[in-house]
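This is what each chain is made of:
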Amino acid sequence: MLLNADMQAAALNVLIWTTAALCAGRWPVERSRRRGRARAVTLLALVGIGMLVVLMRITTVTLMGREAWLFAVDRVAVALPALAVPAAAALVGTLPRLVTWVRRPSLETRIAAFAPTAVVPLQTGALGALVGLWTALFTVLAPPLLGPALLIHSAVVLFAALAWFCQTRRWLAARSRPRRRASRPVRALRAVAAVTAVAVAGTATVNLAAASSKLPDSMSMAPADGAAGGHHDGGESAAAGGTTSVTALTGPRDERPDRRFTLVAAEKTVRLASGRTVRAWAFDGQLPGPTLRVRQGQLVEVTVRNELPGANVAVHWHGVDVPNAEDGVPGVTQNAIRPGGTHVYRFRPDESGTHWYHSHQQTSVQQMKGLFGALIIDPPKPAPVDHDWYLAMHSWKTEDGATVPALGLADRLERRRAAPGERVRLRLLNSDRLTHEFSLTGTSFRVTALDGNAVRGPTPVSDRKLAIGAGGRYDVEFVMPDRPVRLTEIQDFVGARDRGLLISADGRGEVTPDLPSREFDPTPYGTPAPTPFGPGSRFTRTKTMVFDNEIGFYDGRFRVTWTVNGMAFPDAPNLTVREGDLVRLRFANRSHFDHPMHLHGHHVLVLSRNGRPVTGSPVWLDTVNVRVGEVWEVAFRADNPGIWMDHCHIGDHAVLGMMMHLSYENVTSPYRVGRATGNRAE
């Protein structure tokens, strides 16, 4: 709400101050007393309203800063000074002359209000208002701000000086030879010339911006010389002296696998519970794909075969800290699997819990079309339950053009049976592109795992909704009562009344879903336990990431882009570490959407959420859902060498800029991404 109000205030400032500047800058001509007073009153009203909207912008920025300094720092450093200083000058230099003009309307008082001390503050205020709107919508700024602030303020000062020089000449000319208004044909000719010049300049600017935003057809994700990460068009493609190629960072290749699986990607037309059909892409013809169930520490081998016509694939093991070469990111850790090709993945999972796999080739398309499934890793001594159900929240694009949310393929209320006293575990996965909120009605429950990581000392929860970001997982357990229990996705409650999962002894019954207003917060939940590092540890690397959305050209098209520290892929700030580094990350979301940030190859420990430290069970995550207006601090140990993606797990956000890399020093990659390579890592 504050962000929207601030942008509205920025737009109002542009409208009011630009109008006032244009009115004040019109050449003074002789008018009747009545018309002179009307113009003076109009201009005085515009300046007065301008002062109010400046105060409105100051108020919204102040309130945003009270939430977190990172939400207001760019506005305080750039937008407000560029607007507030001219507004203060207008208060001193413009308003007194306008008041005099209103009281004694004449050509003399109008010429006095045409002085540079009266007009230039309005012109500079218009520019400052435009700077404020531009940096809120089109070129969002993020720390460090010293360089951009100096550049912008220098430009504003230069504009003010030039405007002062020009206005002084016009004012002196007006004092010496008042002139009458030009004829209508002359004014029309001037207007046509001005519009033509603006159109030509605008067209040239738009074409240049579109062309310069095009992504390279081929680029390397490896940092140059194995050092700092960023956008690199070249670099060595093979390991040199003192460096390691990602191709060497594989799972065991000379041991007999404990479990072997084969996944075949192919087209499949499936029918949802409602009868609607989906032309999907599926692994082994199943939606979601087959559940791969293994035991912690087993050597797993998965052969992926691509039978899709005209589409490459690759498989990422989400939440599993595999060796880098097994991570399944085309153009970074492997080449994508072309039609008719195969690729073998081998890894020995050290973690346990609810994980999943999905295509990482054009994720925003392929995952949504169905190329995903569950990967469940059992600990050596799994906690016994009577029912262990995996439920994936997903939206399917049907053949009739509708987007239909469903639990698996159940886009209607699904019914299952569980006897009273039986223990039920629901493994909830959000494989969709947006955050989903769930309620469980009819019983209290315990949240036993987050992103597959066990919660220590979980306690009963009721009257709370579970908000799960894209890619995230919650394990929920309860003892079946003697009445029906219903799981419901409540974000779209009107449609959700006909969807969800109802559990009862005989599969019958009705339950009205609860609509909890309060959200489950994992940071104070459960029992504290020792962790290998924490808020008081000495961190060798610290990085702040500010998430924004802005409007502009990206890859040749005008669209909404998603930025990190004001930059989009491939210029978004990558992080380079040494093996053994202890890294602290700070996420601040001042955009309009949630951002579930997923770091490959590592688990992060949550240190704080919105300034409040974790007081319950340690919260280990692989996907941190940073909701709108939130600030999270997390940390991880750099103990898995490679080049790892770090991106928003909403595929549309990643493909439009919110994608980075974590690179270990002296690690290189021979692979490349881009349209010409067949590798599309987003």
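Just so it is clear, the model here is predicted, and its values are computed rather than measured.

Visitor: Can you tell me about the nonpolar core, naming the residues and giving the values?
Guide: In this structure, Leu426, Leu466, Phe478, Leu487, Phe587 and Phe636 are the most contacted members of the largest nonpolar core, which totals 76 residues. Excluding its chain neighbours within four sequence positions, the residues that come into contact with Leu466 are Leu428, His436, Glu437, Phe438, Phe445, Val447, Tyr474, Val476 and Phe520. Ranked by size, the runner-up nonpolar core spans 34 residues in total, among them Ala24, Ala126, Ala129 and Leu133.

Visitor: How would you explain the pattern of salt bridges if you had to name every residue and give the values?
Guide: One pass over the full model with this rule turns up 39 salt bridges. Notably, a salt bridge pairs Asp74 with Arg590, separated by 3.1 Å at the nearest N-O pair. Of the two residues, Asp74 is situated in helix 3 (residues 73-93) and Arg590 in the loop between strand 25 (582-589) and strand 26 (595-599); the sequence distance between them amounts to 516 residues. Arg590 carries the same exposure label as Asp74, and that label is buried. Between Arg627 and Asp594 there is a salt bridge, with the nearest N and O atoms lying 2.9 Å from each other. One end of the pair, Arg627, is in the loop between strand 30 (623-626) and strand 31 (631-637); the other, Asp594, is in the loop between strand 25 and strand 26, with 33 residues separating them in the sequence. Per residue, the accessibility class of Arg627 equals that of Asp594, and both read buried. One network of salt bridges, in which partners are shared, links Arg293, Asp378, Asp388, Arg425, Arg427, Arg446, Asp475 and Glu477.

Visitor: Which residues make up the environment of His318, and what values go with them?
Guide: Looking at the element boundaries, His318 is found in strand 7 (residues 315-318). With 282 residues separating them in the primary sequence, His318 and His600 have C-alpha atoms 7.5 Å apart. If near-sequence neighbours (up to four positions away) are discounted, His318 is found in contact with His355, Trp356, His358, Gly471, Arg473, His598, Asp622, Thr623 and His649.

Visitor: Could you give an account of the sheet that holds strand 9 (residues 353-359), naming the residues involved and the relevant values?
Guide: If you walk across this open sheet you meet the 4 strands as 5-10-9-7, and the pairing is mixed. The outermost strands of the open sheet, each flanked by one partner alone, are strand 5 (289-295) and strand 7. Across the sheet, the mean angle separating the axes of adjacent strands is 20° when strand polarity is ignored. Of the strand pairs in this sheet, strand 9 and strand 10 (residues 372-378) are connected by 6 bridges, and their pairing is antiparallel. Its bridge partner being in strand 10, His358 is matched across the sheet by Phe372.

Visitor: Go over the side chain of Ser395, please, and point to the residues and values.
Guide: Residue position: Ser395 is located in strand 11 (residues 387-397). Side-chain polar atoms of Ser395 contact the side chain of Asp432, separated by 2.6 Å. Setting aside anything within four residues of it in sequence, one finds Ser395 in contact with Met368, Thr403, Val404, Pro405 and Asp432.

The rules behind these values
- Residues numbered from 1 in each chain as written.
- Predicted model: local features only at pLDDT ≥ 70, side-chain atom pairs only at ≥ 80, totals over all residues.
- Heavy atoms only, no water.
- Core = buried A, V, L, I, M, F, W, Y, C linked by side-chain atoms within 4.5 Å.
- Buried < 20%, exposed > 50% of the residue type's maximum accessible area, 1.4 Å probe, protein only.
- Contact = heavy atoms within 4.5 Å.
- Salt bridge = Lys/Arg side-chain N within 4 Å of Asp/Glu carboxyl O.
- Helix = DSSP H or I, 4+ residues; strand = E, 2+ residues; numbered from the N terminus.
- Pairing = 2+ DSSP bridges.
- Axes fitted to C-alpha atoms, helices over the stretch in contact; angles between N-to-C directions.
- Polar contact = N/O pair within 3.5 Å; in protein donor to acceptor, adjacent residues only side chain to side chain.

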